[in-house]
Amino acid sequence: MSHDQALNLQSRLEIVLNQFEVEVANIEKIRARDELIAVLDAAEQLRVVLTEVKAYFVEVRNQLSTVHGIPPAKQLAQLVIGASTEALSAIRETLHYLEDFRDKMKSPRKTPLTREEIHYADFGASVAIRKSHYIINRISEQAENLPEEL
């Protein structure tokens, strides 16, 4: 694990997460397809970065598999893998509901979004946001303890 790589992933996650939070904040007010596309794009970008974060820390954990005990890098990898798995699940659920919204907006009969649909999409987004913040905070806390190279 490189200290710089972990900080780079953290920085990228922060940028994408901030954009996602801005876009998803008005999910209940979405009426136009353009507004929905912006949220879909932000959610997809978050999914991509979370996938990269998870893959990187799985690789780190695999490299440390022969090390006895739990060094800080291995502990961080375990925490990030768990949180990123939950965040990815939540963002996939959110993407599913957002794509359903898009399909409804395409149809000639513009059926309004139900409260339940909005609630599920919003709930998934909030879980993804919370878990992403958790990942960012864990990397920040452990950054000092990470080796320069693994």
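Keep in mind the model is a prediction, meaning the values are calculated, not measured. (Residues numbered from 1 in each chain as written. Predicted model: local features only at pLDDT ≥ 70, side-chain atom pairs only at ≥ 80, totals over all residues. Heavy atoms only, no water.)

Draft legend 1. Region of interest: the overall build of the chain. For the chain, the count of helices and strands is four helices and zero strands. Element order for the chain, N to C, with α for helix and β for strand: α-α-α-α. With respect to the three principal axes, the spread of C-alpha positions in the chain is 60 × 20 × 20 Å. Out of the 150 residues in the chain, the part that is buried amounts to 41%. The contacts of the chain with a sequence gap of at least 6 include a subset with a gap of at least 24, amounting to 81%. Looking at charge distribution, the chain has the averaged site of its 18 positive side-chain charges lying 7 Å from that of its 23 negative ones. (Helix = DSSP H or I, 4+ residues; strand = E, 2+ residues; numbered from the N terminus. Buried < 20%, exposed > 50% of the residue type's maximum accessible area, 1.4 Å probe, protein only. Contact = heavy atoms within 4.5 Å. Lys, Arg positive; Asp, Glu negative; His and termini not counted. Charge placed at Lys NZ, Arg CZ, Asp CG, Glu CD.)

Draft legend 2. Spatial organisation of the side chain of S84. By secondary structure assignment, the location of S84 is in helix α3 (residues 72-106). Classification of S84 as buried rests on a relative accessible area of 0%. Only 3.1 Å separates the side chain of S84 from the backbone oxygen of I81, close enough to count as a polar contact. If near-sequence neighbours (up to four positions away) are discounted, S84 is found in contact with L50, K54 and I135. (Polar contact = N/O pair within 3.5 Å; in protein donor to acceptor, adjacent residues only side chain to side chain.)

Draft legend 3. Expanded view of the environment of E86. Examined against the element boundaries, E86 turns out to sit in helix α3. What makes E86 partly exposed here is its relative accessible area of 42%. When the C-alpha atoms of E86 and V127 are compared, they prove to be 8.0 Å apart, with 41 residues separating the residues in sequence. Apart from the residues within four sequence positions on either side, E86 is in contact with V127 and K131.

Draft legend 4. View of the nonpolar core. Core analysis: the largest hydrophobic core is formed by 46 residues, its most contacted members being F20, L46, F57, L98 and I135. Sort the elements by how many residues they give to this core and α3 lands first, with 15 residues. Those residues within four positions of L46 in sequence are excluded, and the remaining contacts are L13, V16, L17, F20, I91, A128 and S132. (Core = buried A, V, L, I, M, F, W, Y, C linked by side-chain atoms within 4.5 Å.)

Draft legend 5. Layout of the packing of aromatic side chains. Following the criterion strictly, the structure yields two aromatic pairs and no others. Taking 5.2 Å as the distance between ring centres and 85° as the angle between the ring planes, the aromatic pair formed by Y56 and F57 counts as edge-to-face. Above the face of the Y134 ring, K131 is positioned so that its terminal group lies 5.9 Å from the ring centre. (Phe/Tyr/Trp six-rings, centres within 6.5 Å; stacked < 30°, edge-to-face > 60°. Lys NZ or Arg CZ within 6 Å of the ring centre and 35° of its normal.)

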